[in-house]
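Examining the three-dimensional arrangement
These are the residues of each chain, in order.
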Amino acid sequence: MGKHGEESHERHHEGHRELEHEELLESMSEKLGFTPHILEILGELDSESLRKYNRCDKKLLSDGALPAKVKILIALAVVASKQCERCTVVQMQSALNNGATKEEIMEVMDVIFITSGAPAVAACRDALKLLK
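Below is a short write-up of the structure. (Residues numbered from 1 in each chain as written. Predicted model: local features only at pLDDT ≥ 70, side-chain atom pairs only at ≥ 80, totals over all residues. Heavy atoms only, no water.)

For the pair helix α2 (residues 37–45) and helix α3 (residues 47–60), interaxial distance at closest approach is 5 Å and the crossing angle is 135°. It follows that α2 is oblique to α3 by the angle criterion. On α3, the residues that touch L39, L42, G43 and L45 of α2 are S47, S49, L50 and Y53. Taken together, the residues of the contact of α2 with α3 sort by class into 5 nonpolar, 3 polar and no charged. (Axes fitted to C-alpha atoms, helices over the stretch in contact; angles between N-to-C directions. Helix = DSSP H or I, 4+ residues; strand = E, 2+ residues; numbered from the N terminus. Parallel < 35°, antiparallel > 145°, perpendicular 65-115°, else oblique. Contact = heavy atoms within 4.5 Å. Nonpolar A, V, L, I, M, F, W, Y, C, P; charged D, E, K, R; others polar.)

See below:
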């Protein structure tokens, strides 16, 4: 293939990856109910990373032996234990979009406090504002 043909093929391939990136984001956003900014960044930088993230996300956001809502509440507890404030907001949004009630979330907050202490609860400050 000549240089012009290679460039044309690259542009076509790049266009296909962009479409794939947009479709992945849309699919993930529909299930979450919003689009976390990190997914947009991952997609722009490396569509393969977005595909890997999507495969993991599908497991978390789909019912299996545990309902998706329960898995998301577990994820909320885990990211709180890591004291990732932004992560707690994302998981709280996801939990609410997947039917978690205020009562269920407050029980998770008890678990977070018992297992990880006050700093982990403090990491949920902005996430808890979503319950108001």
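A cluster of nonpolar side chains, I38, I41, L45 and Y53, forms an exposed patch at the surface whose accessible area comes to about 380 Å². When residues of the nonpolar patch are assigned to their parent elements, the largest contribution, 3 residues, is made by α2. Tracing the backbone shows I41 in helix α2. (Patch = residues over 30% accessible without salt bridge, like charges linked within 9 Å, V, L, I, M, F, W, Y side chains within 5 Å. Areas by Shrake-Rupley, 256 points an atom, 1.4 Å probe, with all protein chains shown as cover. Salt bridge = Lys/Arg side-chain N within 4 Å of Asp/Glu carboxyl O.)

With that settled, consider the state of the cysteines. Scanning the model with the defined rule gives 1 disulfide in all. Here C84 is linked by a disulfide to C87, with a sulfur-sulfur distance of 2.2 Å. For the disulfide bridge between C84 and C87, the dihedral angle about the S-S bond is near 60°, and by the sign convention the bridge is right-handed. For C87, a relative accessible area of 30% corresponds to the partly exposed category. (Disulfide = S-S within 2.5 Å. Buried < 20%, exposed > 50% of the residue type's maximum accessible area, 1.4 Å probe, protein only.)

We now examine unusual backbone geometry. A positive phi is found at Q83, a non-glycine position, where the angle reads about 60°. By the element assignment, Q83 lies in the loop between α4 (68–81) and α5 (85–97). Owing to a relative accessible area of 45%, Q83 belongs among the partly exposed residues under this scheme.

All right, on to the environment of S29 then. Mapping S29 onto the fold places it in helix α1 (residues 3–32). We classify S29 as buried; its relative accessible area is 11%. Through-space distance from the C-alpha of S29 to that of L39 is 9.3 Å; in sequence the pair is 10 residues apart. Excluding residues within four positions of it along the chain, S29 makes contact with F34 and T35.

L73, M92, I105, V108 and I112 are the most contacted members of the largest nonpolar core, which has 18 residues in total. Secondary structure elements with two or more residues in this core: α4, α5 and α6 (102–116). With 5 residues, the top contributor of residues to this core is α4. Apart from the residues lying within four places of it in its own chain, the contact partners of I105 are L73, M92, L96, A100 and L131. Grouped together as the second largest cluster of nonpolar side chains are 5 residues, L24, M28, L39 and L50 included. (Core = buried A, V, L, I, M, F, W, Y, C linked by side-chain atoms within 4.5 Å.)

We now examine the environment of Q83. With 33 residues separating them in the primary sequence, Q83 and S116 have C-alpha atoms 9.3 Å apart. Those residues in contact with Q83 that lie beyond four places of it in its chain are P119, A120 and A123.

Turning next to a negative patch on the surface. Residues E22, E23, E26, E30 and E44 make up a contiguous surface patch of negative charge. Considering every element that reaches the negative patch, the biggest residue donor is α1, with 4 residues. Note on placement: E30 falls in helix α1. (Lys, Arg positive; Asp, Glu negative; His and termini not counted. Charge placed at Lys NZ, Arg CZ, Asp CG, Glu CD.)

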